[in-house]
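Here are the chains, one letter per residue:
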Amino acid sequence: MKNLSKTLALVVASGLAATVAFTVVAQNTAPAAPAKQEGTKESRKEMKKEEKATEKASRAEVGKPAPNFTLKTTGGKEWSLSDAAGKIVVLEWCNPECPACQRVSSDGTVLETIRGATEASKDVVYVMINSSAASTTSLEGTAAYLKEHKINTPALLDSEGKVGMMFGAKTTPHCYVIDSKGVLRYQGAIDDGNGGTKGKMNYVVNAVKQIAANETVSPAETKAYGCSVKYKK
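The paragraphs below set out a description of the structure included in this document. (Residues numbered from 1 in each chain as written. Predicted model: local features only at pLDDT ≥ 70, side-chain atom pairs only at ≥ 80, totals over all residues. Heavy atoms only, no water.)

### Examining the state of the cysteines
Two cysteines whose sulfur atoms are joined by a covalent bond form what is called a disulfide.
Line of reasoning, step 1. Scanning all chains against the criterion turns up one disulfide.
Line of reasoning, step 2. Between the sulfur atoms of Cys98 and its disulfide mate Cys227 the distance is 2.5 Å. In this structure the cystine formed by Cys98 and Cys227 twists about its S-S bond by roughly 90°; its chirality is therefore right-handed. Of this pair, Cys98 sits in the loop between strand 3 (88-93) and helix 3 (99-106) while Cys227 sits in strand 9 (residues 227-228), and the two are 129 residues apart along the sequence. Residue Cys98 shares its accessibility class with Cys227, and that shared class is buried.
Line of reasoning, step 3. Not engaged in a disulfide, the cysteine Cys101 finds its nearest cysteine sulfur in Cys98; these two sulfurs lie 4.4 Å apart.
Line of reasoning, step 4. Note on Cys101: relative accessible area 1%, which makes it buried.
Line of reasoning, step 5. Free cysteine: Cys175, not disulfide-bonded; nearest cysteine sulfur from Cys101 at 8.9 Å. (Disulfide = S-S within 2.5 Å. Helix = DSSP H or I, 4+ residues; strand = E, 2+ residues; numbered from the N terminus. Buried < 20%, exposed > 50% of the residue type's maximum accessible area, 1.4 Å probe, protein only.)

As structure tokens, this is what we get:
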């Protein structure tokens, strides 16, 4: 009987040990919980919201600091808005293939604007920007176009359209005037004319004069006329 009892005890003990061992192994080999997936629909939405918010915050707005940018000139050199820090900067969007641009260049409006602005303040930097990258001939013809009309200013090529969109440039010509502190003070048409008729009131010169006299720029915004900027699709 004693031997039988010992044998039964050993059997029970072995069974319990086996059960415990199986339980431990089963716990250790249980399938891991699925890892948290990256790039879920919700997270992508949040990223897009953040991108839009950042993009909106960096857009040019009258009365606020103009966003800095860097583009290459027609000669291949880099030019940044920060290079003109401490000066009044005039930005004019152009397109050699736009009839309105051809009009303001051929009838002397652009040259008169440059002369009037520089006479109002010796610290004026006038810059042309071409964002019409949908037409390669437009970009390629920028330097020759300005030379033909004797417009001797830096000419920047915005081949990706990022700077044009940042400033909200809609037409050619579309002009912006930034004061010496880097604040955008005027945006809109070059004058009160239209695509085919020369204007009497030059808004750009007016803005520069008022900035130089420490006055409030009025009007600070006007509707720009001309051809739509041919952004790259």
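On we go.
### A look at the pattern of salt bridges
Line of reasoning, step 1. Evaluated as defined, the whole model comprises six salt bridges.
Line of reasoning, step 2. We note a salt bridge from Asp123 to Lys87, for which the minimum N-O separation is 3.6 Å. Placement of Asp123 in the loop between helix 4 (109-120) and strand 4 (124-130) and of Lys87 in the loop between strand 2 (78-80) and strand 3 is noted, with a sequence separation of 36 residues between them.
Line of reasoning, step 3. Residue class for Lys87 comes out partly exposed when judged on its relative accessible area of 32%.
Line of reasoning, step 4. Note that Lys232 is salt-bridged to Glu160, the shortest N-O span being 3.5 Å. Taken together, the residues Lys232 in the segment after strand 9 and Glu160 in the loop between strand 5 (155-157) and helix 7 (162-167) connect sequence positions 72 residues apart.
Line of reasoning, step 5. Accessibility expressed as a relative area gives 45% for Lys232, which makes it partly exposed.
Line of reasoning, step 6. Taking relative accessible area as the criterion, Glu160 reaches 47% and is therefore assigned partly exposed. (Salt bridge = Lys/Arg side-chain N within 4 Å of Asp/Glu carboxyl O.)

### Brief notes about unusual backbone geometry
Line of reasoning, step 1. A cis amide bond links Thr172 to the next residue, Pro173, at an omega of 5°.
Line of reasoning, step 2. Note on placement: Pro173 falls in the loop between strand 6 (171-172) and strand 7 (174-178).
Line of reasoning, step 3. The linkage connecting Ser218 with the following residue, Pro219, adopts the cis geometry, with an omega of 0°.
Line of reasoning, step 4. Positionally, Pro219 belongs in the loop between helix 8 (203-212) and strand 9.
Line of reasoning, step 5. Of note, Lys150 is a non-glycine position whose phi angle comes to about 60°, a positive value.
Line of reasoning, step 6. By the secondary structure assignment, Lys150 is in the loop between helix 6 (142-148) and strand 5.
Line of reasoning, step 7. The exposure class of Lys150 is exposed, given its relative accessible area of 70%.
Line of reasoning, step 8. Its identity as a non-glycine residue notwithstanding, Asn214 has a phi of 60°, on the positive side.
Line of reasoning, step 9. Assignment of secondary structure puts Asn214 in the loop between helix 8 and strand 9.

### So, the side chain of His174
Line of reasoning, step 1. By secondary structure assignment, the location of His174 is in strand 7.
Line of reasoning, step 2. Residues in contact with His174, not counting those within four places in the same chain, are Leu91, Glu92, Trp93, Gly168, Ala169, Gln187, Gly188 and Ala224. (Contact = heavy atoms within 4.5 Å.)

### Considering the side chain of His149
Line of reasoning, step 1. Inspection of the secondary structure assignment puts His149 in the loop between helix 6 and strand 5.
Line of reasoning, step 2. A residue is classified by how much of its surface remains accessible, and His149, at 14% relative accessible area, is buried.
Line of reasoning, step 3. A polar atom in the side chain of His149 sits 3.0 Å from the backbone oxygen of Tyr145.
Line of reasoning, step 4. Every residue in contact with His149, bar those within four places of it in the chain, is listed here: Ser105, Ser106 and Leu111. (Polar contact = N/O pair within 3.5 Å; in protein donor to acceptor, adjacent residues only side chain to side chain.)

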